[in-house]
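# Overview (structure and organization)
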Amino acid sequence: KINRNRVITVEQKNNIIVKLDNLIDKKLPNPLGITHKGYWIVAKTALISVETNTTLKNIELNKLLTESRSIRNISDRALVLVRIASIDVLQKQKRIDIMTEAFNLIKSIPSTYDKSNRFDETWEVWLSIDKSQFNKHIKLAFQDLISNFDGKFNNLRSIVDTAQQHDKLLAESFVTLLDED
């Protein structure tokens, strides 16, 4: 039977989800590359986002959150948490809590370069949740990078550029602080 309207039936959707789930389990993690389950967790999170049963979705997401917290590399753990929080089917407060956890992990990354890159991964997610949370956290990130300034302006330039795109006054205040230092 030809599906002329190109509408995916529930059965077809479920078959696709099962096939993707099996593929994720078969291919991730890759023992020749990154061996922790970060990509597996992110892929499973994306699949769960299409689940219609809210109770099942929350149970599975909580399992993935627990699994993500076992990733030993702080930078990778933070990135996986950010990716989980980017799924907009979660309740707003849950997303804020996950992002706050990720943000605090990012602040503990010793390399300023890596820290700056991970901060950059958070901005669009914060904006999708709440602009006031974005403003709060970009200020905190800027203060953190200033207090650990390593002489390289690229890390600060990135955060000022991001602020400029979303809040010109905030970007101007960052530039004023840089001029004073």
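One structure accompanies this document, and this report is about it. (Residues numbered from 1 in each chain as written. Predicted model: local features only at pLDDT ≥ 70, side-chain atom pairs only at ≥ 80, totals over all residues. Heavy atoms only, no water.)

## Considerations on unusual backbone geometry
Put simply, the rule is: Strands are runs of DSSP state E lasting at least 2 residues, helices are runs of H or I lasting at least 4, and numbering of each runs from the N terminus.
Along the chain, Leu28 connects to Pro29 via a cis peptide bond; the corresponding omega equals -10 degrees. In this fold, Pro29 is placed in the loop between α1 (10-27) and α2 (38-48).

## A few points about the layout of surface pockets
Selection rule: Here a cavity denotes a set of grid points, spaced 1 Å apart and computed over the protein atoms alone, in which a 1.4 Å probe fits but from which it cannot get out, and a pocket denotes an open set meeting protein on both sides within 12 Å along at least five of seven lines; residues with an atom within 4 Å of a point are reported as lining. Grid points are joined across faces, edges and corners, and a volume is the space filled by probe spheres set on the points. Residues are grouped as follows: nonpolar covers Ala, Val, Leu, Ile, Met, Phe, Trp, Tyr, Cys and Pro; charged covers Asp, Glu, Lys and Arg; every other residue, Gly included, is treated as polar.
The computed volume of the largest pocket comes to approximately 230 Å³. Around the largest pocket sit Ile17, Asp21, Trp40, Lys44, Leu47, Ile48, Glu51, Leu56, Lys57, Glu60 and Leu64, which together line it. Sorting the residues of the lining of the largest pocket by element identifies α1, α2 and α3 (54-68) as the ones contributing at least two each. Along the lines of polarity and charge, the residues of the lining of the largest pocket split into six nonpolar, no polar and five charged.

## Some words on a nonpolar patch on the surface
Short version of the rule: Note that patches include only residues with greater than 30% relative accessible area and no salt bridge, and the join distances are 9 Å for like charges and 5 Å for nonpolar side chains (Val, Leu, Ile, Met, Phe, Trp, Tyr). Here, Shrake-Rupley sampling with a 1.4 Å probe gives the accessible areas, and only protein chains in the shown set may cover a residue. Should a side-chain nitrogen of Lys or Arg be within 4 Å of a carboxyl oxygen of Asp or Glu, the pair is scored as a salt bridge. Relative accessibility under 20% of the residue-type maximum defines a buried residue, over 50% an exposed one, and the middle range a partly exposed one, all with a 1.4 Å probe and only protein chains included.
A cluster of nonpolar side chains, Ile8, Ile16, Leu20 and Leu23, forms an exposed patch at the surface whose accessible area comes to about 360 Å². Tracing the backbone through its elements, the reader meets Ile8 in the segment before α1. On the basis of relative accessibility, which here comes to 54%, the residue Ile8 falls in the exposed class.

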